[in-house]
Amino acid sequence: MSHSAALENEPLYRKYIKLMTLEEKAAQLLQLAAPFYDKPGDHSEVTGPMEELGIDAATVQNAGSVLGISGAEKMIAVQQAHMEQNRLGIPLLFMADIVHGFKTIFPIPLAIGCSWNPELAERSAQVAAYEAAVSGLHVTFAPMVDLVRDPRWGRVMESTGEDPYLNAVFARAFVEGFQGEDLSGDVKRVAACVKHFAAYGLSEGGRDYNTVDLSERQLREYYLPAYKAAVDAGCEMVMTSFNTVDGIPATGNRKLLRSLLREEWGFEGVVISDWAAIKEIVAHGAAGDEREAALKAMLAGVDIDMMTTSYIQHLPELVREGAIEQRMLDEAVLRILKLKEKLGLFENPLRGADPAAEAEIMRCAEHREVSRQLAEQSAVLLKNGGLLPLRQGQKIALVGPFADSGDILGWWSWLGETETAVKLGTAMQQLAAEPADVRIAEGCGIESITDAQKAAALQAAEGADVIVLALGEASHMSGEAGSRSDIRLPEAQLELIRLMKELGKPLAVVLFNGRPLDLHGVYDTADAVLEAWYPGSEGGAALANLLYGAANPSGRLSMSFPYTVGQVPVYYNHYSTGRPFSAEEQEKGNRYISQYLDIPNDPLLPFGFGLSYTSYAYEGLQLSAQQLTADGELKVKVKVTNTGAMAGTETLQLYVRDVAGEVVRPVRELKAFRQVTLAPGESREVEFTLTEMQLRYHHSDLSVSSDPGAFRLYVGGNSRDALEAEFRLV
Ligand code: BGC
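Residues numbered from 1 in each chain as written. Predicted model: local features only at pLDDT ≥ 70, side-chain atom pairs only at ≥ 80, totals over all residues. Heavy atoms only, no water.

1. Some points on the sheet that holds strand β20 (residues 648-658)
The strand order β18-β26-β25-β20-β21 describes an open sheet built from 5 strands, whose pairing is mixed. Two strands lie at the open edges of the sheet, namely β18 (627-628) and β21 (669-678), each paired on one side alone. Taken together, the 6 bridges between β20 and strand β25 (residues 709-716) define a ladder with antiparallel strand orientation. What sits directly across from Y655, in β25, is Y714. (Pairing = 2+ DSSP bridges. Helix = DSSP H or I, 4+ residues; strand = E, 2+ residues; numbered from the N terminus.)

2. Quick notes on the sheet that holds strand β19 (residues 633-642)
Spatially, the 3 strands line up as an open sheet ordered β17-β19-β22, and their pairing is antiparallel. Only two strands of the sheet have a single partner each, and these edge strands are β17 (616-623) and β22 (683-691). Each strand of the sheet is rotated relative to its neighbour by a mean of 20°, with strand direction disregarded. Pairing analysis gives 6 bridges linking β17 to β19, with the strands arranged antiparallel. Along β19, the bridge assignment pairs E619 with K639. (Axes fitted to C-alpha atoms, helices over the stretch in contact; angles between N-to-C directions.)

3. Things to note about helix α18 (residues 424-431)
Taken residue by residue, α18 has L424, G425, A427 and M428 as its buried positions. For α18, the angular spread of buried residues about the axis comes to 165°, placing them on one side. Contact partners of the buried residues in α18: β12 (396-399), β13 (438-441), β14 (466-472), β15 (507-512) and α21 (539-547). (Buried < 20%, exposed > 50% of the residue type's maximum accessible area, 1.4 Å probe, protein only. Arc of directions from axis to C-beta. Contact = heavy atoms within 4.5 Å.)

4. With respect to the pairing of β20
Counting buried positions along β20 yields 10 of 11 residues, so the element is predominantly enclosed. The sheet contact formed by β20 and β21 spans 9 bridges and is antiparallel. The partner of V656 across the bridge, within β21, is E669.

5. Re the site of the ligand
The environment of the ligand is made up of D97, F141, R155, K195, H196, M239, F242, D274, W275, M306, W412 and E480. Here H196 contributes a side-chain N or O atom positioned 2.7 Å from an oxygen atom of the ligand. Taken by itself the ligand offers 310 Å² of open surface, and the protein chains cover 93% of this. Residues belonging to the shell around the ligand are distributed by class as follows: 6 nonpolar, 1 polar and 5 charged. (Near = heavy atom within 4 Å. Polar contact = N/O pair within 3.5 Å; in protein donor to acceptor, adjacent residues only side chain to side chain. Areas by Shrake-Rupley, 256 points an atom, 1.4 Å probe, with all protein chains shown as cover. Nonpolar A, V, L, I, M, F, W, Y, C, P; charged D, E, K, R; others polar.)

6. Here we look at the side chain of Q179
Locating Q179 in the fold gives a position in helix α9 (residues 164-179). Using a relative accessible area of 5% as the deciding quantity, one classes Q179 as buried. Looking at Q179, its side chain comes within polar contact range of the main-chain nitrogen of E236, at 3.0 Å. What Q179 contacts, discounting residues up to four positions off in sequence, is R189, V190, A191, A192, G234, C235 and E236.

7. Focus: the pattern of salt bridges
Applying the stated criterion across every chain yields a total of 47 salt bridges. Measuring nitrogen to oxygen at the nearest pair gives 2.8 Å for the salt bridge that ties R220 to E264. Residue R220 is located in helix α10 (residues 216-232), and its partner E264 is located in helix α11 (residues 254-264); the two are separated by 44 residues in the primary sequence. One salt-bridge network, in which partners are shared between bridges, spans E216, R220, K255 and E264. (Salt bridge = Lys/Arg side-chain N within 4 Å of Asp/Glu carboxyl O.)

8. Here's the deal with the pairing of β19
When a strand is regular, its side chains alternate between the sheet's two faces. Where β19 and β22 come together, 9 bridges link them in antiparallel fashion. Looking across to β22, one finds that V636 is bridged to F688.

9. Things to note about the packing of aromatic side chains
Any two aromatic rings considered together are summarised by their centre-to-centre distance and by the angle between their planes. Taken as a whole and assessed by the stated rule, the structure comprises 16 aromatic pairs. With a centroid separation of 5.2 Å and 90° between ring planes, the pair formed by F197 and Y227 is classed as edge-to-face. Residue F197 is found in strand β5 (residues 191-197), and its partner Y227 is found in helix α10; the two are separated by 30 residues along the sequence. Looking at F197, the relative accessible area reads 1%, which means it is buried. In this arrangement the basic side chain of R149 is found over the ring face of Y571, its NZ or CZ atom lying 3.6 Å from the centre. If you follow K195 out to its NZ or CZ, it ends over the ring of W412, 5.1 Å from the centre. (Phe/Tyr/Trp six-rings, centres within 6.5 Å; stacked < 30°, edge-to-face > 60°. Lys NZ or Arg CZ within 6 Å of the ring centre and 35° of its normal.)

10. A look at the packing of α10 against α11
It is the contact of α10 with α11, at a shortest axis distance of 13 Å, that shows an interaxial angle of 55°. Viewed along their axes, α10 and α11 adopt a mutual orientation that is oblique. Crossing geometry of α10 relative to α11 is assigned as right-handed. Between α10 and α11, the contacting residues are E216, R220, L224 and V231 on the first element and K255, L260, L261 and E264 on the second. Partitioned by chemical class, the residues of the contact of α10 with α11 number 4 nonpolar, no polar and 4 charged. (Parallel < 35°, antiparallel > 145°, perpendicular 65-115°, else oblique. Left-handed = near helix turned anticlockwise from the far one by under 90°.)

Right, dumping it as structure tokens:
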């Protein structure tokens, strides 16, 4: 059957598309931003952002989707009005950024990555979907799965980190959590939109919206696996990225969107541009005007135009002139209608929107409990000189701009209400034997410090046994357009640390931030450091549990902490180089090795790293054979023991190094991980299975295969400290 015959046989084509004018089709591809009418009930005049874009009432009536409104009653009103006005009765799709929670806010995705707990991540996405769905939403612009290596980029907080395998595991978990198994039957779920396709995480210099340039092998090896995992998990939508990929803006990149995403991966869902990204093809310098930008985006395969008028203004004419085949436009419309059908919107345009359920389930105890658990598992203990956990009865001075702050939700918590977040100070006072055991002082602002603040901090510290400093970045200092060149804590906070250090008391620091920081002045000064990230709605409660030992830290870094910003990008799965650093060579005075003269090569804290209040010993690493055959399996066994005095959860990590490849291979690559919870003194034998499949990679001709020969294998609690063994692939 020819392509167009297949299209014409589609029931949705016969029922709707065949009857639509070119203008109606183009409008179906438009995404509106609310509000678009000012006066309730009066839909004759368009207002707000849509008026600014020059969009008229007829176009609003024919639009396909809406961005960024919420609230069941409002959604119901907008959809009902739309159904009355739309000539063919095609319902609207409502979309928004539900990135780490709707009303119940979960830790930021970078923190969720540090939980190494995809099941709980999936559960968080399910809760977010439920809250969003009863509020009337149908699609979330999540998960964001861009691989990240540069903490200057503010959007690292939206990603699960620097590893392709870990990112892929979380990508799948998020998609399954948002979508469930049946979007039309299960109105408590929403469709997922994986973003930003592709390689947005490689923005040069960590500056947002900047150029990305990388080899196709790098793209396929590191950057694509997580998007692919989302697509394979059935993700309904893909969002293009703002950047160029091999010199062509992703949003107009035919090779990326048509050849790779649609043809090679078989993606049949909807492709949406990022905000204004079609029009921005002009600013990139890859289209002379918006008309050409619309042409390029359509030829590349972008279905929805988010927030510009490029499509509605130019597509009808481009089709009339023959620059775009009618079939191509029809297929884009069909993909959007199919998503509406999948969501059950033709039968039930109001879908999950439910004011009664909305009143009941938002931020309910069950949802907050998931958030608290995830926050507990996401925090990473970076240093502990035996100071933590705090003991009941100790007098604590809790000092710093985050001691009593609700700004702990992080960027992209659109409907999160900072005033409902559980603050650290409140939670610690509740958990302490006596509330008065925890004395709170602000100490300084995020970027300023006054004499009065210093005096109050000193006063709070008087008579204290331990000082806990709650420090960090304001949430707007990361996130979209939140790039920073200096990723140390602001000087005012470093001054506060020095001031408190002078008192000579035990000092713990709790950090609230959206990126790995340069911890000079913090890590070297404090006795203990707990990385809390932005922990979400229940952040204070989770952190108080961790600080007082009601919970044992188990988070592991999903992104390296650089020694200084001058090392960036610094990531664990790098190549060896021809002159790898060696301490021996350095000692001999050999300068001609790959090193800095002034700083170490290694990050301050590597990928996979995290401490606990207990300790774990690894022993008896055993392989079932010295050789792995192409169709065989290698069993990898190791015994792990909780050698401390507290129960805890350990994340066993298995890494591999291909000693000699056709193409150079990373010094370590994560291949598997497993979490075990152990009582004090308890041991567990853990077994991993490795197959040839896991050793494959992209060769110089981009074919995917493995190299026979020697491999090293590492099993341990982080990417640096591990037991080692060798085997051969034959
Ligand atoms: C961001 C996307 C987001 C979109 C809609 C853009 O600026 O890059 O991640 O989904 O806005 O809010």
